[in-house]
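Residues per chain, in single letters:
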2 protein chains.
Amino acid sequence: MSPSDRGVVVGVDIGGTKVLAGVVDAAGRVSDTARRTTPGRRVRTRQVEDALVGAILESADGRPLAGVGVAAAGFVDSSGERVMFAPHLPWQGEPLRALLEDRLGCQVRLDNDANCAARAEAHHGAARGAGSALVITMGTGIGGAVLLDGRVLRGANGMAGEFGHMQVVPGGQECECGRRGCWEQYSSGNALVRNARALMAEEPSVLAEMTAGSPDRVTGPMVTSAAEQGDLVARRAFGSVGDWLGIGTASLVAALDPEVVVIGGGVSAAGDRLLEPARAALQRTLVGAAHRVVPELVAARSGPQAGMIGAALLVTGAER
Amino acid sequence: MSPSDRGVVVGVDIGGTKVLAGVVDAAGRVSDTARRTTPGRRVRTRQVEDALVGAILESADGRPLAGVGVAAAGFVDSSGERVMFAPHLPWQGEPLRALLEDRLGCQVRLDNDANCAARAEAHHGAARGAGSALVITMGTGIGGAVLLDGRVLRGANGMAGEFGHMQVVPGGQECECGRRGCWEQYSSGNALVRNARALMAEEPSVLAEMTAGSPDRVTGPMVTSAAEQGDLVARRAFGSVGDWLGIGTASLVAALDPEVVVIGGGVSAAGDRLLEPARAALQRTLVGAAHRVVPELVAARSGPQAGMIGAALLVTGAER
């Protein structure tokens, strides 16, 4: 008997700004979504659980729950019991899985959001059928996962995939992690916005009109929109982020030799504007590129629902 | 019936300068070694095979061969049939495995030398029992392997583990691979010698006496010996190589979260002189080091025989 015979499976994705829940079927299709605002970091953990439970129950809409998968933007311990630390959430070692099982009365599974997104790509997306894949998730920063035979490599402490904090520039840009020169300072949503702000000071751009001349108001989606309108400042901002994406990817490919590289996360919505410079940089920077198979660098397919879909897979057959 | 019941197993390691063969028993102990000089890159491939066969037969000393494992300093295809390319050897896609089977009349197995060294550490050395390990081999350059449950991660094309060509300094030092800023330009035997040469120009050193004042004559073993004598130039050269070893290791640990990091290869003979600054840099550079388990960074145990031992494991039970 599959879980769906006993009720619906809900996947829920909790990030720094929002909670997204949805019923996910065996083919990875999402329906009946529900949304909450993430209560923030300075609240009691009970409030965050309330937001999760509220979104899950709204999504299930009275149907019995066969199981719930949770994708959390934070460090999840290797047994999938606790969120050890989350930059935008109040959890510090909270036994979230057991707490939610008690409240929901069904099985609950928990993993890091980037791992879940990668799992969605492995089962239903761009990494399907690949023996090995690198999934690089570009949002505010860079997250990701290594997939081997469709399984997420979790690491000895469940902390593998922190690609964004590989050092790429000695003494470089300061990072929120307290170090300098981390990859995500050069290739991420934050880097895109910083690039655009810096370039706006040097030449005319529709971004100046969009923000009434206040570079502080620039957002990632504004840069994407400006680039679509042909704005050169926005296009250059993407060019640099894409170039650095390829450079960091080349280091990971040299180390791991994956069959395919999948780029997901919000920034990847820009498609070839991001991926073309990344492919060029990968070809230029990868050792022995002329004598080897250079892996394809492709866009993720699951979009903003990847976390939910991958979370549901924790219940329905996490690892193929 | 194990292979040893049917004769001896020989492991042979072919590098840029020498061919080392030895009989390896089930416990990974080496006896009856034989040595040849590598004929070099500009000879016919038959001459290199002759050197291999000569060393193997001398090592077997008339006993029947149960099997031969070959560790080659070059890119071996993922099926273990061919050496696709080797910087210091004439092979270009040579079907070495089959050629040697024909000449020796026994089973032959082939893999890259860094993979073999890692396998030796997994079975008989510092990575024994570890669920995951990173083996970093510091010789002229940097090679290595990722071990998962004692097995070498070979990659989609058998090319995983090229850690030395991860870019760590944009536009940095030129590398033999044709790119710039590769990790092995800052942390390797070559980097050690270059550091020492540069520092000799600035301050007094016993290296000046050892080389009669000719920095060109400095070799890696000289720097090791000078450091042991307390020479500050040599010690600083090690300090920098060790620091960079830790920085690059931190990036790999962020990505892979291994249980242990094993440092092998010729340079690792310096022990804590290399490993202490590396440990400090790993602790300083690894994201979230204060909130996570930082893997131990330890010296390899198999020494210069690691290639031979790991090659023999290809025959006797390559993957545990």
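Residues numbered from 1 in each chain as written. Chains lettered and ligands numbered in written order. Predicted model: local features only at pLDDT ≥ 70, side-chain atom pairs only at ≥ 80, totals over all residues. Heavy atoms only, no water.

Let us look at the relation of the copies chain B and chain A. Mapping chain B onto chain A leaves a residual RMSD of 0.0 Å; the transformation is a rotation of 180° accompanied by 0.0 Å of translation along its axis. One copy is carried onto the other by what is essentially a two-fold rotation axis. (Least-squares fit on C-alpha atoms with pLDDT ≥ 70 in both.)

Residue and element names in this part refer to chain A. Structurally, chain A comprises domain 1 (3–119 + 305–316) and domain 2 (129–300). Taking only C-alpha atoms into account, the centre of domain 1 sits 27 Å from that of domain 2. At the interface, 10 residues of domain 1 touch 13 residues of domain 2. Both faces considered, domain 1 and domain 2 share a buried interface measuring about 930 Å² in area, 55% of it formed by carbon and sulfur atoms. The largest per-residue losses of area from domain 1 upon contact with domain 2 belong to F75, N115 and A118, which jointly make up 47% of the total buried on that side. The interface formed by domain 1 and domain 2 includes one salt bridge. Here D111 ties to R154 by a salt bridge, and the two come within 3.0 Å at their closest N and O atoms. Counting across the domain 1 and domain 2 interface gives two residue pairs in polar contact (both at pLDDT 80 or more). (Domains from an automatic or database assignment. Contact = heavy atoms within 4.5 Å. Buried area = accessible area lost by both parts, 1.4 Å probe. Salt bridge = Lys/Arg side-chain N within 4 Å of Asp/Glu carboxyl O. Polar contact = N/O pair within 3.5 Å; in protein donor to acceptor, adjacent residues only side chain to side chain.)

The subject of this paragraph is the interface of chain B and chain A. On the side of chain A, 40 residues touch chain B, which itself brings 40 residues to the contact. Summed over the shared surface of chain B and chain A, the number is 20 residue pairs in polar contact (both at pLDDT 80 or more). Looking at the side of chain B that touches chain A, the elements with two or more residues in it are β9 (142–148), α7 (232–256) and α8 (272–285) of chain B. Ranked by residue count, the leading element in the side of chain B that touches chain A is α7(B), at seven residues. (Helix = DSSP H or I, 4+ residues; strand = E, 2+ residues; numbered from the N terminus.)

The next point concerns the pairing of strand β11 (residues 260–264) of chain A. Regular strands have side chains that alternate between both faces of the sheet. Residues and elements named next belong to chain A. In terms of burial, β11 is a largely internal element, five of the five residues being buried. A two-sided burial pattern is seen for β11, the buried positions comprising V260, V262 and G264 on one face and V261 and I263 on the other. By the bridge criterion, four bridges tie β11 to strand β12 (residues 296–299) in an arrangement that is parallel. In the strand pairing of β12, V261 is matched with L297. Each parallel crossover has a hand, and for β11 linked through helix α8 (residues 272–285) to β12 it is right-handed. (Buried < 20%, exposed > 50% of the residue type's maximum accessible area, 1.4 Å probe, protein only. Pairing = 2+ DSSP bridges. Right-handed = clockwise from strand over helix to strand, strands pointing away.)

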